[in-house]
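Residues per chain, in single letters:
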Amino acid sequence: MSHYKSNLRDIEFNLFEVFGRDEVLGKGLFEDLDVDTAKSILSEIDRMAREDLAESFADADRFPPVYDPEACTVTMPEGFAKAYKTWMDSEWFRLQLPVELGGQPAPASLVWSTAELVLGANPPVWMYSAGPNFGYIVHRNGTDRDKQIAKHMVERHWGATMVLTEPDAGSDVGAGRTKAYLQEDGTWHIEGVKRFITSAEHDMSENIIHLVLARPVGIEGAGGPGTKGLSLFVVPKYGFDLETGELDGTRNGAYVTNVEKKMGIKVSTTCELTFGDSSVGNGQPAKGWLLGEVHDGIAQMFQVIENARMLVGTKAIATLSTGYLNALDYAKERVQGADMLDPAKDAPRVTITHHPDVRRSLMTQKSFVEALRSLVIYTASWQDRVMQAEAAGEKDKLAERVNDLLLPIVKGYGSERSWVLLGTESLQTFGGSGFLQDYPIEQYVRDAKIDTLYEGTTAIQGQDLFFRKIVRDQGQAIAHVAQEIQGFIASEAGNGRLKLERELLAKGLEDAQGILGTVFGQIMSANPADGGDPKNVYKVGLNTSRLLMALGDVVCAWLLLRGAEVALAALSGDVSESDKRFYEGKVAAAQFFARQVLPKLSAEKAIAEATDLDVMDLDEAAF
Ligand code: ST9
Ligand code: FAD
């Protein structure tokens, strides 16, 4: 039986009942994709995820890829390679590609909904299969030569990687030392060692294209310090004919010189990647092309990173969802103890769903899962607007700003909540059995921990949210979202049934705004030009992760309550028995979240306000 338990009903509820995605389907950019087609795509990918992609999930964890250090190659486990082939052969990746690259553009909201299904069933399938989508980045930023390469990446199903990290350059990408030397024929030779590179070696595609950040040497106006001095290079594993894409029999000097042994997602290879070392492999240089022939590497790479941050948040949430549904099934079967109402020693034993603490735990899981799913699809709905505007040759500035604001919340807040709840609630529901490999939960916990780390740790997401998405944005996106939430609070949403929850939301919003105001105050008080103390910037650093989590809680509560409003309206009409249960569950989850999560924000606000510099002044030796 499949480990993966999906929730297609809730995905469709968000898409069509809450966020009205039928409005974008069947017209304009998406005219070839109507609602029925979208639903049949979801249904087919749901089936494939549960039946075909999920099958090798545990096996590939127990028997991970095998690295051969002599040949610098990796042999993938058979079952996983089969799942990967199934997914690539289905060519659903074309939903993310433009027509000129052989794609069938679909709204981001639909794409990320399908992503949840694949990422819940077997996350590395989605990650390894990103080659054609990397091709889109190469196409979008490229010269005619690069566009030709992009075409091969799509049509020949080549793998691809994003290559930023080095031993001394993790969060601090700008500390990277890998260099690029221009050759007479216009190509570049890359030299350096990159670390932790996902999918950099495997045997599932005939070629792998590495998108590498490196610092050009001896070029005026490029190669300076920090991230701005980095350029983006397209570096293939194997040489190929530019016209046809046929491999030309040459092996480029980019070799995987180690594959890490990890806590989770073991089937996803995490590689040390060595470029142009004469003592490695065939000793040949690592030849590459400068993407678009412009030195704009970090901005180009962030186009990949934005997609990957959405991916990581969606992966985390997908895992929490299947974790919760597995826990729920277990709780409905597991008989242990008597009902609290029946203290007799020989009282009948009941399933653990009868125990209040188990119910609290299950509802905590359900409400967060459904909130986070809503957050992903809400964010993606803004991406739909960005896509539509771009297709019309315009820019939807507001949609771009709001999407930018929400991305660190999807990634940072989504991964933190998911990883913690998987351990403290989903695994806990199983009791000791959750610790065993008989159930998928222990693997979920191990596999989900990475989501708070890669693509920018949670600390980096918090800083990105405050400094870039709020301060630099001059508060425009956050003001828009706050205004939407205010509108909901002031409405009659729920027709009396959500009155208390709207009050709680109002207080939660006020507290989150209070935290934001406090952090603003701290940054203002750090300006020496106004007589401030520069050290006060530490106070900001002590609170950006708190702000990230607080805004996440408020946005999630609001989205759940919007869902509850829709559910209450549906319940006032004729609904089937299963829909009745579904909608009642939506209302219950929203009320629970508003009542149990939002009141904690007052404490967070008080803590933010009381921030001092004690922890920064303490001698390191005292820690
Ligand atoms: C990794 C991979 O961890 C993990 C899993 C991979 C899974 C497989 C991959 C599959 C992906 C599929 C993708 C397919 C693609 C499909 C696409 C389809 C459309 N937003 O603030 P500054 C830029 S990989 C946008 O001064 P510092 C911007 O250009 C490793 N841009 O930063 C800016 O210039 P300006 C991940 C942003 O102090 C410039 O950077 N590693 C943003 O120099 C400089 O900005 C990390 O994530 C943004 N939010 O550097 C590193 N932020 O200001 C984490 C910056 O003029 N560290 N830019 O606009 C950070 O993010 C740091 O904050 C830092 C700081 C490096 C940016
Ligand atoms: P560090 O940057 O050393 O961080 C250590 C700790 O310090 C963290 O808690 C961090 O939050 C904190 N910290 C660091 N700087 C600051 C700061 N300025 N303010 C506050 N706190 C800070 N990279 C790629 O380029 N491509 C990949 O495909 C890829 N895949 C990966 C796959 C895996 C399995 C792993 C583990 C990593 C992968 N990475 C990849 C690298 C990943 O993006 C980095 O690990 C991550 O960005 C953090 O860098 P680091 O590990 O060096 O930690």
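Residues numbered from 1 in each chain as written. Chains lettered and ligands numbered in written order. Predicted model: local features only at pLDDT ≥ 70, side-chain atom pairs only at ≥ 80, totals over all residues. Heavy atoms only, no water.

Quick look at the packing of helix H14 (residues 476-490) against helix H15 (residues 499-524)
Right, on to step 1. Running from N to C, H14 and H15 cross one another at 160 degrees; their axes reach a closest spacing of 9 Å. By the criterion of interaxial angle, the relationship of H14 to H15 is roughly antiparallel. Considering the relative orientation of H14 and H15, their crossing is left-handed. Every residue of H15 that contacts H14 at Ile-478, Ala-482, Ile-485, Gln-486, Phe-488 and Ile-489 is listed here: Arg-502, Leu-505, Ala-506, Leu-509, Gln-513 and Leu-516.
Right, on to step 2. Within the contact of H14 with H15, the residues separate by chemical class into 9 nonpolar, 2 polar and 1 charged. (Axes fitted to C-alpha atoms, helices over the stretch in contact; angles between N-to-C directions. Helix = DSSP H or I, 4+ residues; strand = E, 2+ residues; numbered from the N terminus. Parallel < 35°, antiparallel > 145°, perpendicular 65-115°, else oblique. Left-handed = near helix turned anticlockwise from the far one by under 90°. Contact = heavy atoms within 4.5 Å. Nonpolar A, V, L, I, M, F, W, Y, C, P; charged D, E, K, R; others polar.)

Focus on the pattern of salt bridges
Right, on to step 1. This structure, assessed with the given rule, holds 43 salt bridges.
Right, on to step 2. The partner of Glu-44 in a salt bridge is Arg-47, and the shortest N-O contact between them spans 3.1 Å. One end of the pair, Glu-44, and the other, Arg-47, are both in helix H2 (residues 35-53), 3 residues apart, so they sit about a helical turn from each other.
Right, on to step 3. Looking at Glu-44, the relative accessible area reads 28%, which means it is partly exposed.
Right, on to step 4. Under the relative-accessibility criterion, Arg-47 is labelled partly exposed at 26%.
Right, on to step 5. With a shortest N-O distance of 3.5 Å, Lys-499 and Glu-503 are connected by a salt bridge. Here the residue Lys-499 and the residue Glu-503 both occupy positions in helix H15, the gap between them amounting to 4 residues, near one helical turn.
Right, on to step 6. If you follow the salt bridges from partner to partner, you end up with Asp-10, Glu-116, Lys-366, Glu-370, Arg-373 and Lys-586 in one network. (Salt bridge = Lys/Arg side-chain N within 4 Å of Asp/Glu carboxyl O. Buried < 20%, exposed > 50% of the residue type's maximum accessible area, 1.4 Å probe, protein only.)

A closer look at helix H8 (residues 144-155)
Right, on to step 1. Between the first and last C-alpha of H8 there are 17 Å, a value that for 12 residues agrees with the 16 Å anticipated at 1.5 Å per step.
Right, on to step 2. Asp-146, Gln-148, Ile-149, Ala-150, His-152, Met-153 and Val-154 are the residues of H8 that are buried.
Right, on to step 3. Contact partners of the buried residues in H8: helix H7 (131-141), strand S3 (159-163), strand S6 (208-216), strand S7 (231-236), strand S8 (238-240) and strand S12 (286-290). (Expected span 1.5 Å × (residues − 1).)

A look at the packing of aromatic side chains
Right, on to step 1. By the definition in use, this model includes 20 aromatic pairs.
Right, on to step 2. Relative to Tyr-378, the ring of Phe-19 has its centre 5.8 Å away and its plane inclined at 35 degrees; by these criteria the two rings are tilted. A residue pair is termed long-range when its members are at least 10 positions apart, and Phe-19 in the loop between helix H1 (8-18) and H2 and Tyr-378 in helix H10 (residues 356-391) qualify at 359 residues. The two residues Phe-19 and Tyr-378 agree in class, both being buried.
Right, on to step 3. Taking 4.9 Å as the distance between ring centres and 55 degrees as the angle between the ring planes, the aromatic pair formed by Phe-430 and Tyr-439 counts as tilted.
Right, on to step 4. Of the residues examined, Phe-430 reaches a relative accessible area of 3% and is grouped as buried.
Right, on to step 5. Residue classification places Tyr-439 among the partly exposed residues on the basis of a relative accessible area of 29%.
Right, on to step 6. Clustering of aromatic rings is evident, with ring pairs tying together Phe-19, Tyr-378, Trp-382 and Trp-558.
Right, on to step 7. Of note, Lys-39 hangs over the ring of Phe-16, and the distance from its end group to the ring centre comes to 5.1 Å.
Right, on to step 8. In this arrangement the basic side chain of Arg-251 is found over the ring face of Tyr-238, its NZ or CZ atom lying 5.5 Å from the centre. (Phe/Tyr/Trp six-rings, centres within 6.5 Å; stacked < 30°, edge-to-face > 60°. Lys NZ or Arg CZ within 6 Å of the ring centre and 35° of its normal.)

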